[in-house]
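Residues per chain, in single letters:
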Amino acid sequence: MRLDIAYDGTDFIGWAKQPGLRTVQGVLEESLSKVYREPVQLTVAGRTDAGVHAEGQVAHFDTAATFDGPALVHRMAKFLPKDVRIKNARVAPPAFDARFSAVRRHYAYRLTTAPYGADPLSARGVVPCRSTVDLAAMRAASEKLLGLHNFAAFCRRREGATTVRELQRFDWERDGDLLIARVSADAFCWSMVRSLVGAVLAAGEGRRTPEWVGALLKETERSSSVTVAPAHGLSLIAVDYPADADLAARNAETREMRTVPTGDAGCCGS
């Protein structure tokens, strides 16, 4: 069963269930288990950190019970706390896996250059920055990071996990005082998006150059010079999946350990 989920991450200690702590997974599994009168375990497209939001998170669970998607959405609207919602629910194809079937994940990071900071109604999802940021420098820096690289400088290392990713989109939009980074990749490692934004913002504020940002791809370990942007500016916008007939092949492909091809300008090993 596929669920499309949205949440305000402010009062959650991230997605992943942790004993004694309020997490998105914990709240959803507890509520769904009561509804179905059986233990429900969710598999998610992307684990978000504490304070990070989602507008298009995807998860799945298995059940032998009768499933009515619209009825579940309506019931859970009354059952769940106001900071998390199931927006859609439906039976998924047999090979569907919310995590391993995904081909692309889309994030948005929101900043404001307003001299007074974030508007009170949007302050939980928008981060204030300098009013004089150089958007051209930020776009130039972002462009240098596109492609298949080892993003070790931008990731918190996890034992046995690769930091090789294909960054497919990283650009910026301006709407008045609001700056929005659009970031898409096949997958992201831990804290990667916030680190990318933090590095590029340093170029926009004149503390670093776009060339410095690009040179970070040569690093083989997490860089202490990269500032991680605050969590509350980040939101998971959407997750893309292949056609139903291609789900099984995608699952197998995703489970393979990735490396950067020899000779790639950003190659640092896997």
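Right above here is the structure, for reference.
Residues numbered from 1 in each chain as written. Predicted model: local features only at pLDDT ≥ 70, side-chain atom pairs only at ≥ 80, totals over all residues. Heavy atoms only, no water.

Turning next to the overall build of the protein. The secondary structure content of the protein amounts to 6 helices and 10 strands. Computed over the C-alpha atoms, the radius of gyration of the protein is 19 Å, within 12% of the 18 Å expected from 2.2 N^0.38 for a compact globule of 270 residues. Taken over the C-alpha atoms alone, the protein extends approximately 55 × 50 × 35 Å along its principal axes. Within the protein, the proportion of its 270 residues that are buried is 51%. For the protein, the computed accessible surface area is about 13,000 Å², with 50% contributed by carbon and sulfur atoms. Here the protein carries 35 positive and 32 negative side-chain charges, and the mean point of each set is 4 Å from the other. (Helix = DSSP H or I, 4+ residues; strand = E, 2+ residues; numbered from the N terminus. Rg over C-alpha atoms; globule rule 2.2 N^0.38 Å. Buried < 20%, exposed > 50% of the residue type's maximum accessible area, 1.4 Å probe, protein only. Areas by Shrake-Rupley, 256 points an atom, 1.4 Å probe, with all protein chains shown as cover. Lys, Arg positive; Asp, Glu negative; His and termini not counted. Charge placed at Lys NZ, Arg CZ, Asp CG, Glu CD.)

Per the stated rule, a full pass over the model turns up 16 salt bridges. Of the charged contacts, one joins Asp-4 and Arg-90 as a salt bridge, the two residues approaching to 2.9 Å between their closest N and O atoms. One end of the pair, Asp-4, is in strand E1 (residues 2–7); the other, Arg-90, is in strand E4 (residues 84–90), with 86 residues separating them in the sequence. Given the relative accessible area of 33%, Arg-90 is considered partly exposed. With a shortest N-O distance of 3.0 Å, Asp-171 and Arg-169 are connected by a salt bridge. (Salt bridge = Lys/Arg side-chain N within 4 Å of Asp/Glu carboxyl O.)

On to the packing of helix H1 (residues 24–36) against helix H2 (residues 69–79). Where H1 meets H2, the closest approach of the two axes is 11 Å, and the angle between their N-to-C directions is 120°. When the axes of H1 and H2 are compared, the pair comes out oblique. Note that H1 runs across H2; the crossing there is right-handed. The segment H1 lies against H2, with Ser-31, Leu-32, Lys-34, Val-35 and Tyr-36 engaging Leu-72, Arg-75, Met-76 and Phe-79. For the contact of H1 with H2, a count of residues per class yields 6 nonpolar, 1 polar and 2 charged. (Axes fitted to C-alpha atoms, helices over the stretch in contact; angles between N-to-C directions. Parallel < 35°, antiparallel > 145°, perpendicular 65-115°, else oblique. Left-handed = near helix turned anticlockwise from the far one by under 90°. Contact = heavy atoms within 4.5 Å. Nonpolar A, V, L, I, M, F, W, Y, C, P; charged D, E, K, R; others polar.)

Time to look at the state of the cysteines. If you walk through the whole model with that rule in mind, you get 1 disulfide. Here Cys-155 connects covalently by a disulfide to Cys-189, the sulfurs 1.8 Å from one another. Linking Cys-155 in the loop between strand E7 (147–150) and strand E8 (164–175) with Cys-189 in the loop between strand E9 (178–185) and helix H4 (192–204), this pair joins segments that are 34 residues apart in sequence. Take Cys-155 and Cys-189: they sit in the same class, and that class is buried. (Disulfide = S-S within 2.5 Å.)

All quantities given are derived from atomic positions and should not be read as evidence of function.
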